[in-house]
Amino acid sequence: MVSNRLPFTIGMRKGQVVVKPSAGGLVTGLQSFLEKQEEVLPKLESCLWVGWPGSTIHTPNREEITAMALKEYGSLPVYLSQSEMDHFYHGFCNKTIWPLFHYFPSYTHYNSVMWHEYVRVNEHFADIIAAEAGPADRI
């Protein structure tokens, strides 16, 4: 399963990993689906949730956090810098895509820098998914 966000937010406080549940409609909906997965898709043996962990995680902590996310949550974090998130999510997703798909075209803001970052971040997600997915997987 791939989404912009994971079902939790990971941060660092005083050198320790801090995990909090994520809020929002997408996470809530996907979590509900996973809780009912055996009823909905009885042949689904496992699920890997790929997404952003909710904050910028510096390189020295990524290996530890990835291992914890995989083991405890069945999730694979996609690490993004603050600048990437500012242009990709806070920029293009929220200022261009959201208004267009919610019938507010007058609020749409288009910026070519945000667009190029949006494409680049999606390619980054695609590279991670391609490295993890097998031939029988459904994404």
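The rules behind the values
Residues numbered from 1 in each chain as written. Predicted model: local features only at pLDDT ≥ 70, side-chain atom pairs only at ≥ 80, totals over all residues. Heavy atoms only, no water. Pairing = 2+ DSSP bridges. Helix = DSSP H or I, 4+ residues; strand = E, 2+ residues; numbered from the N terminus. Axes fitted to C-alpha atoms, helices over the stretch in contact; angles between N-to-C directions. Buried < 20%, exposed > 50% of the residue type's maximum accessible area, 1.4 Å probe, protein only. Polar contact = N/O pair within 3.5 Å; in protein donor to acceptor, adjacent residues only side chain to side chain. Contact = heavy atoms within 4.5 Å. Expected span 1.5 Å × (residues − 1). Core = buried A, V, L, I, M, F, W, Y, C linked by side-chain atoms within 4.5 Å. Parallel < 35°, antiparallel > 145°, perpendicular 65-115°, else oblique. Left-handed = near helix turned anticlockwise from the far one by under 90°. Nonpolar A, V, L, I, M, F, W, Y, C, P; charged D, E, K, R; others polar.

A. Here's a closer look at the sheet that holds strand β4 (residues 49–52). Read across the open sheet, the three strands follow the order β1-β4-β5; overall the sheet is parallel. Of all strands in the sheet, those with a lone pairing partner are β1 (2–5) and β5 (75–77), marking the two edges. If you compare each strand with its neighbour and ignore which way they point, the axes differ by 30 degrees on average. Summarising the sheet, β1 and β4 pair through two bridges and their orientation is parallel.

B. Looking closely at the side chain of Thr 96. By the secondary structure assignment, Thr 96 is in helix α4 (residues 82–101). Note on Thr 96: relative accessible area 4%, which makes it buried. A polar contact is formed between the side chain of Thr 96 and the backbone oxygen of His 109, at a distance of 2.4 Å. Those residues in contact with Thr 96 that lie beyond four places of it in its chain are Gly 91, Thr 108, His 109, Tyr 110 and Met 114.

C. Geometry of helix α3 (residues 59–73). With 15 residues, α3 should cover 21 Å at 1.5 Å per step; its first-to-last C-alpha distance of 20 Å lies within 8% of that length. Every buried residue of α3 is accounted for by Asn 61, Ile 65, Thr 66, Met 68 and Ala 69. The inward-facing, buried residues of α3 abut β2 (8–13), β3 (16–21) and β5. Positive phi appears at Gly 74, one or two residues downstream of α3, with a value of about 60 degrees.

D. Layout of the environment of Tyr 110. Among the secondary structure elements, Tyr 110 is positioned in the loop between α4 and α5 (112–132). On the accessibility criterion, Tyr 110 (53% relative accessible area) is exposed. A sequence separation of 19 residues divides Tyr 110 from Gly 91, and the C-alpha atoms of the two residues are 8.9 Å apart. In this structure, Tyr 110 is in contact with Phe 92, Thr 96 and Trp 115, ignoring residues within four places of it in sequence.

E. Structural view of the pairing of β4. Where β4 meets β5, three bridges bridge the pair, whose relative direction is parallel. The partner of Trp 49 across the bridge, within β5, is Ser 75.

F. Structural context of the nonpolar core. Judged by nonpolar contacts, Val 50, Trp 52, Leu 76, Val 78, Leu 80, Met 85, Phe 88, Cys 93, Val 121, Phe 125, Ile 128 and Ile 129 together constitute the single largest core of twelve residues. Contributions of two or more residues to this core are made by β4, α4 and α5. Ranked by residue count, the leading element in this core is α5, at four residues. Those residues in contact with Phe 125 that sit more than four places away from it in its chain are Val 2, Ser 3, Asn 4, Gly 51, Trp 52, Val 78 and Leu 80. Core analysis: the next-biggest nonpolar cluster, separate from the first, contains eleven residues, Leu 6, Leu 30, Ile 65 and Tyr 79 among them.

G. Looking closely at the packing of α4 against α5. The N-to-C vectors of α4 and α5 enclose an angle of 110 degrees; their axes lie 8 Å apart at closest approach. Classified by the angle between their axes, α4 and α5 sit roughly perpendicular to one another. The handedness of the crossing between α4 and α5 comes out as left-handed. Where α4 approaches α5, its residues Glu 84, His 87, Phe 88, Gly 91, Phe 92, Cys 93, Lys 95, Thr 96 and Ile 97 are matched on the opposing element by Val 113, Met 114, Trp 115, Glu 117, Tyr 118, Arg 120, Val 121 and Asn 122. In terms of residue class, the contact of α4 with α5 is built from nine nonpolar, four polar and four charged.

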